[in-house]
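Chains, contacts and geometry: an overview
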Amino acid sequence: MKIIIIGAVAAGTSAAAKARRNNDSAKIVIYEKDGDISYSGCGLPYYIGGEIEDIEQLTPRDAQFFKKKYNIDIFTRHEVLKIDTKSKKVIVKNLSTDEIFEDNYDKLVIATGASPFIPDIKGVDKEHVFFLRNVKHAQNIKNFIDSKHPKHAVIAGTGFIGFEMLENLILRNIDVTIIEKQEKITPNLDEDMALFLENMLLKKNIKIIKGSFISQIQDDKVVLDNGKEIKSDMVIMATGVRPNVKLAKEAGVELGVTGAIKVNSKMQTNIADVYACGDCIETFSLITSKPVYRPLGSTANKTGRIAGDVLTGGNLEYRGNLGTGIFKLFDIAVSNTGLTEKEAAELGYDVVVCHNIKPDKPTYFNGKEMIIKAVADKNTKKILGVQIIGFDGVDKRTDVFATLITYGAKVDELFHLDLAYAPPFSTTKDPVHYTGMILE
Ligand code: FAD
């Protein structure tokens, strides 16, 4: 059996490694148009900020590693130009030599990921304007800071990448203003939680402008739609991503309602022997079963592994996601899992919410308050979603809630959870217990 995989970051390499574990003898080939493979995109902001000194720490595996450990052939700087699903072949261009050749597959995996969304703004192509998606982008940003020493930066977008970049540019002594087109920051938070976070950030003197978008980028400033000008000799566009679906679409692979590739729970597309995984696919909500587009590394690894398993005869199936996410901004941690209050209400749930403010540990162990907003369904009493803003222990509570929602826990079950307690870690009744007690 010959397996061809297109794309060698999170999903493509996960698919390849799992396929090899299941099948010793298959020939596995990955084509990747970039020079870097299997890197941690999630670590890139911290490389720019200097916390991660060497880019090699984020790119620990090269093509030789995959050859030696898994007998997988990865061809970098090779772009797949076309997929012919009838004759089961791909047309590939070697970007180093310009040679074009064909290769045949028995099973094909499309793991082409996503690309930054480039808004139509005058000046967006200037050399001090950056997008952050891959290793090359991160190196370009770092080189620019090291050589040009920018003093003022504007970041467009208040999603996790925007805020992670905000922290890391401030660590490089750059004065940063972050701009959000919507009237509230952070897409995954309800309005009240977003306002709470905004107030925390304002106390840290973070400059935030909401309800405005950039209409023009000049060499030393950006101009907003309301005419306001902001000094800026560097701009980061963190305005979201779009799935890379052109190649798949041209081959007749069906797209879903979100515009990403439609797959079933086994990562199979509408075309026999063609699978897709990672940021190029549409997944579904574990709560509503409705299609969602959640381009996250956690999901890309999982869906890649499922594709690799199924195409080699395994029976793994995707069970849906909660869109669980977390990011940090200096000492603040912000997370979400499941539905927001707004989403739940729009879906027709009879919503009940609570805001629970509790310390993560006793005060004698330097406990600090976190705020938990929990959303539940009045009729079934099931927890639907949680948002948390705090300092320490936000990740732990988020994961407990994600697990509870996954297994359909009801609010009155939270109090009975036997959670780990000792003063250096939590309080006798944990913030999770209290959330259930308030909601009951
Ligand atoms: P990609 O990483 O996009 O890789 C797809 C690859 O396919 C690309 O290298 C591309 O060159 C290649 N390709 C495309 N078309 C072709 C073609 N025709 N021929 C050959 N090759 C092709 N996720 C989290 O869960 N948590 C985080 O904290 C987090 N932080 C992030 C921070 C940053 C700054 C960024 C950029 C992303 C972050 N993510 C995070 C998201 C995570 O990195 C992505 O979800 C993950 O990389 C997706 O992996 P993928 O393999 O599906 O796609």
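None of the values given here were measured: they were computed from a predicted structure.

The rules behind these values
Residues numbered from 1 in each chain as written. Predicted model: local features only at pLDDT ≥ 70, side-chain atom pairs only at ≥ 80, totals over all residues. Helix = DSSP H or I, 4+ residues; strand = E, 2+ residues; numbered from the N terminus. Rg over C-alpha atoms; globule rule 2.2 N^0.38 Å. Buried ≥ 20, exposed ≤ 12 C-beta atoms within 10 Å, placed from the backbone. Near = placed C-beta within 6 Å. Nonpolar A, V, L, I, M, F, W, Y, C, P; charged D, E, K, R; others polar. Core = buried A, V, L, I, M, F, W, Y, C linked by C-beta atoms within 7 Å. Contact = placed C-beta atoms within 7 Å. Expected span 1.5 Å × (residues − 1). Arc of directions from axis to C-beta. Pairing = 2+ DSSP bridges. Right-handed = clockwise from strand over helix to strand, strands pointing away. Axes fitted to C-alpha atoms, helices over the stretch in contact; angles between N-to-C directions. Left-handed = near helix turned anticlockwise from the far one by under 90°.

**Here's the deal with the overall build of the chain**
Looking only at helices and strands, one finds 11 helices and 25 strands in the chain. Its C-alpha radius of gyration of 23 Å places the chain within 12% of the 22 Å reference for a compact globule of 440 residues. If you line up the chain on its principal axes, its C-alpha atoms span 65 × 55 × 40 Å. Within the chain, the proportion of its 440 residues that are buried is 42%.

**A few points about the site of the ligand**
Among the 32 residues in the neighbourhood of the ligand, the closest are listed as G7, V9, G41, G113 and G278. Secondary-structure elements contributing two or more residues to the shell around the ligand are α1 (10-22), β2 (27-32), α2 (44-49), β4 (78-84) and α8 (297-310). Of the residues in the shell around the ligand, the class split is 17 nonpolar, nine polar and six charged.

**Focus: the nonpolar core**
For soluble globular proteins, nonpolar side chains are generally found buried alongside one another. If you look at the biggest cluster of nonpolar residues, it comprises 116 residues, and the most contacted ones within it are V109, I155 and C277. Setting aside residues no more than four positions away along its own chain, V109 makes contact with I3, I5, I6, G12, A15, Y275, C277, A307 and L311.

**Notes on helix α6 (residues 191-203)**
Its 13 residues give α6 an end-to-end C-alpha distance of 18 Å, which sits within 8% of 18 Å, the value for a rise of 1.5 Å per residue. Looking only at α6, the buried set comprises M193, A194, L197 and L201. The buried residues of α6 all sit within an arc of 100° when viewed along its axis, so they share a single face. Looking at α6, the residues exposed on the side facing more than 90 degrees away from the buried face are N199, L202 and K203.

**Some remarks on the pairing of β2**
Pairing analysis gives five bridges linking strand β1 (residues 2-6) to β2, with the strands arranged parallel. Its bridge partner being in β2, I6 is matched across the sheet by Y31. Taken together, β1, α1 and β2 form a β-α-β motif whose crossover is right-handed. Here five bridges tie β2 to strand β3 (residues 72-76), and the two strands are oriented parallel to one another. Looking at the pairing, E32 lines up with T76 of β3.

**Quick look at the pairing of strand β14 (residues 221-224)**
Two faces belong to every sheet, and in a regular strand the side chains alternate between them. Relative to β14, strand β13 (residues 214-217) runs antiparallel, the two sharing three bridges. Note that in β14 the partner of Q216 across the bridge is V223. What sits between the antiparallel neighbours β13 and β14 is a turn of three residues. With three bridges connecting them, β14 and strand β15 (residues 229-231) associate as antiparallel partners.

**Things to note about the sheet that holds strand β11 (residues 175-180)**
Strand order in this open sheet of five strands is β9-β16-β10-β11-β12, and the pairing throughout is parallel. Edge strands, defined here as strands with exactly one partner in the open sheet, are β9 (129-131) and β12 (207-210). Pairs of neighbouring strands in the sheet enclose a mean axial angle of 20°, with direction left out of account. On top of the sheet, helix α5 (residues 160-171) reaches β10 (152-156), β11 and β16 (234-237); it is set at about 170° to β11, its chief contact.

**Digging into helix α11 (residues 431-439)**
All of the buried residues in α11 are P431, V432, H433, T435, G436 and L439. Looking at the buried positions of α11, the neighbouring elements they touch are β23 (351-359), β24 (369-377) and α10 (394-406).

**Looking at the sheet that holds strand β18 (residues 274-276)**
Pairing within the open sheet is parallel, and its five strands lie in the order β3-β2-β1-β7-β18. Edge strands, defined here as strands with exactly one partner in the open sheet, are β3 and β18. Taken over all neighbouring pairs, the strand axes of this sheet differ in orientation by 20° on average, direction set aside.

**Quick word on the environment of G313**
By the secondary structure assignment, G313 is in the loop between α8 and β21 (325-329). On the basis of neighbour count, G313 is assigned to the exposed category, with 10 C-beta atoms found within 10 Å.

**Let's talk about the packing of α1 against α8**
Contact pair α1 / α8: the axes reach a minimum separation of 7 Å and the direction vectors enclose 35°. Where α1 crosses over α8, the two elements pack in a sense that is right-handed. Residue-level contacts link A10, A11, G12, S14, A15, A16, A17, K18, A19 and N22 of α1 to G297, A300, N301, T303, G304, R305, A307, G308 and D309 of α8. Within the contact of α1 with α8, the residues separate by chemical class into eight nonpolar, eight polar and three charged.

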